[in-house]
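Okay, here's what each chain looks like letter by letter:
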Amino acid sequence: MENLIGMAKTKIAVTIGRSNNDSEKIREMALAGASIFRINFSHGTRDEWREIVKIVREIESELGKHFALIGDLPGPSVRLGILDDPIDVKAGELVKLTLSERARGGSEKLIPLPNEVALRALRKGHVILMDDGLAAFRVESATGSEAVLKALTDARISSRKTMVIQGKGLDLPTISSREIEIVRFAASEGFDYIGLSYVRGEEDIAMLRGILLSLGAENISIIGKIEVPAAVRRLDEIVNAADAILVARGDLGMHFPLEEIPRLQKKIVKASIDRGKPVIVATQLLGSMIENPVPTRSEIVDVVAALSDGVDVLMLTSETAIGRYPVEAVRWLSKIMERYEPMITPPRRTVEAGEDIRDRFASGIVLLAESLNAVIAVYTLSGKTAQRIASFRPSNTIISASPDKRTLRKLALIRGIETVETRSRSYEEGLSELEERLMRNGIGLKAQTVVLTYGMREELIHLVKIIHLKTGE
C-alpha cells in the first residue's frame, strides 16, 4: 500500500485541451498532483474526447491511482463561431458581429455568431462581454442579422468564446437535443461526473437526472455549475438537488460586478459545505500562467483564500487547456497546498440531534478519530459513507476502500479522501481485508492509530474498530 499520509487534502482538477491532450502531459499532470480530468464538450470532437478518456484510463492503470472524469455540457450558452485568425482590437475600435458559423477574422474585424436568438436580442447600448469578461463591447447599432460593436477594452477575440449580454438573460433550453447526445456519449465512455452548465433551478438538475436514468447511467453524478443570476437566487434548491457544486467565477464575473465575486464564492462554498456537498472553485486561479511559468503573488493569495474556505477541488481551466505551462500550473497548486494546508482549519458543517443518523454517525467518527489523532479507514460500496465523513472536513486522512473502481473514481473528487481498491465485495470481508492490509503494510508511519468502519446498514450491530499499527520497525 502506498504512503497515503501527508498528501494534500484539496484535490486538483485540470481541463484537457490542445496544450495537454497527449499522454505524456496528462501523465506529468497526474504525477504533479492532478486527480480529476475535465473535458469541456464545447470544444473538440467525439473522437478526440474518446482518445482523452483512453489516455486517462491507461495512465490511471499504470500509476495505480483512481482518477475522476468530468464532462462539461455546453449548456444554453452563446458562443462565437470559428475564427480562422484571432481578432485584435483596441479600445474605441469598431467590429461587426454577424450571423454565421465562420469568418476569416484577423484584420477583417468580422466576428461570427451562429445564434440568431442572441443576435436578434441585441439593442443599441447593450454591453457585451466575452472571454470571461476580459473583452467588453457596446452595441452601436443592431439589425437582427448583424450588429456593430465598439470595443470598451483592448482585447483578442478567438473562436468559440462565450458571449454574454450584460443584465439580460436569453430564453434558451438548458438541455438541447445535442446535449442529450453528448450525455449518451459520456455514459457510454464511463464518465464519473457531468457538469450541467447555466443551471437555473432544481428542475434543470431533475431533467438531467431523468436523462441519465433513461440511459441506465444513474451512477453518473451531476455537478451544478453556479454561473448565472438565477442560480444564485435559487442556490439552496440547486445545492440540495445536485451531487456537487461548481463556483464558475468566469461566468459569474460577466453577470455580476467583479467586486461581488469573492462574496458570492464564499456564499456558494458555505451553502455546499453546510449541506455536505462537494464544492469546486474554477476560473483564473492561476490565469497568468497561461503565458508565464510562475503565478503572480495575488494569485497565490487567491488560492490560499479558497483553501481557507474549505473547498474540495481547485480546477484549472485555460491554464491547462490552452496555456503554455500546464504541468507547471499543477505543480504550483500542489506547492501552495503543501505549504498552507497544514495551517488551515476549514469551516465545518454542523449536525443537529434530529438529523439523519448517517450524518450523525459520520460526525461521530470524525470526533472519535480526531480525539485519537487517528487515520479514518472506511470500507464502502457506494462511497456515500466516505463522502459523509469527509463532508465534516476532518483534520485526519481518510482512506476509502472499495472493490468498485467507479466508486473510487468518484471519491477522487472529495477533499481529504485517498482511495484503495479491494477484492472483497461484502462489508464484513471488506473490513477484514482492509484491516489486514493496514496491519501488514501500514500507511507510511512507524506507528499509527486507525479508526476502521464501513457504510451504515439497517442492522442491530454496526462495527467500529480502533487498531494500532506498528510498521516499518
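Here we summarise the structure given alongside this text. (Residues numbered from 1 in each chain as written. Predicted model: local features only at pLDDT ≥ 70, side-chain atom pairs only at ≥ 80, totals over all residues. Heavy atoms only, no water.)

Focus: helix α10 (residues 297–309)
A rise of 1.5 Å per residue sets the reference length of α10, with its 13 residues, at 18 Å; its end C-alpha atoms lie 19 Å apart and thus fit the reference within 8%. Those residues of α10 lying buried are E299, V303, V304, A306, L307 and D309. Each element contacted by the buried residues of α10 is listed here: α9 (261–274), β19 (313–316) and α12 (326–340). Downstream of α10 by one or two residues, G310 has phi in the positive range, about 90 degrees. (Helix = DSSP H or I, 4+ residues; strand = E, 2+ residues; numbered from the N terminus. Expected span 1.5 Å × (residues − 1). Buried < 20%, exposed > 50% of the residue type's maximum accessible area, 1.4 Å probe, protein only. Contact = heavy atoms within 4.5 Å.)

Some remarks on the side chain of N40
With respect to the secondary-structure elements, N40 resides in strand β2 (residues 34–40). A distance of 3.0 Å separates a polar atom in the side chain of N40 from the backbone nitrogen of S42. With sequence-adjacent residues up to four places away left out, N40 is seen in contact with W49, D72 and R79. (Polar contact = N/O pair within 3.5 Å; in protein donor to acceptor, adjacent residues only side chain to side chain.)

Section: the environment of I194
As for its placement among the helices and strands, I194 is situated in strand β15 (residues 193–196). Residues I194 and L69, 125 residues apart in the sequence, show an inter-C-alpha distance of 8.6 Å. If near-sequence neighbours (up to four positions away) are discounted, I194 is found in contact with G71, L73, V183, A186, L208, L212, I220, S221, I222 and I223.

Digging into the packing of helix α2 (residues 46–63) against helix α4 (residues 177–188)
Where α2 meets α4, the axes come as close as 11 Å, and the angle between the chain directions of the two elements is 25 degrees. Taken together, α2 and α4 sit at an angle that is classed as roughly parallel. As for the relative orientation of α2 and α4, their crossing is right-handed in sense. On α4, the residues that touch R46, W49 and R50 of α2 are E181, I182 and F185. Among the residues forming the contact of α2 with α4, the class breakdown is 3 nonpolar, no polar and 3 charged. (Axes fitted to C-alpha atoms, helices over the stretch in contact; angles between N-to-C directions. Parallel < 35°, antiparallel > 145°, perpendicular 65-115°, else oblique. Left-handed = near helix turned anticlockwise from the far one by under 90°. Nonpolar A, V, L, I, M, F, W, Y, C, P; charged D, E, K, R; others polar.)

Structural notes on the packing of aromatic side chains
Per the stated rule, a full pass over the model turns up 8 aromatic pairs. Summarising the aromatic geometry, the rings of F41 and F191 are spaced 5.5 Å apart at their centres and angled 55 degrees between planes, so their arrangement reads as tilted. Of this pair, F41 sits in the loop between β2 and α2 while F191 sits in the loop between α4 and β15, and the two are 150 residues apart along the sequence. For F41, a relative accessible area of 1% puts it in the buried group. Accessibility expressed as a relative area gives 0% for F191, which makes it buried. K335 extends its terminal NZ or CZ atom over the ring of W332, reaching a point 4.1 Å from the ring centre. (Phe/Tyr/Trp six-rings, centres within 6.5 Å; stacked < 30°, edge-to-face > 60°. Lys NZ or Arg CZ within 6 Å of the ring centre and 35° of its normal.)

A closer look at the sheet that holds strand β9 (residues 110–112)
Strand order in the open sheet made by the 7 strands is β4-β14-β10-β11-β12-β7-β9, with mixed pairing throughout. Among the strands making up the open sheet, the edge pair consists of β4 (78–79) and β9. When strand β11 (residues 135–142) meets strand β12 (residues 146–151), the two strands line up antiparallel, connected through 5 bridges. In the sheet register, V139 faces β12, and the bridge partner there is L149. (Pairing = 2+ DSSP bridges.)

Focus on the packing of helix α1 (residues 23–32) against α12
Contact geometry for α1 and α12: axes closest at 9 Å, N-to-C directions at 10 degrees. In terms of orientation, α1 and α12 fall into the roughly parallel class. Two secondary-structure elements touch here, α1 through K25, E28, M29 and A32 and α12 through P326, V327, V330, R331 and S334. The residue makeup of the contact of α1 with α12, split by class, is 5 nonpolar, 1 polar and 3 charged.

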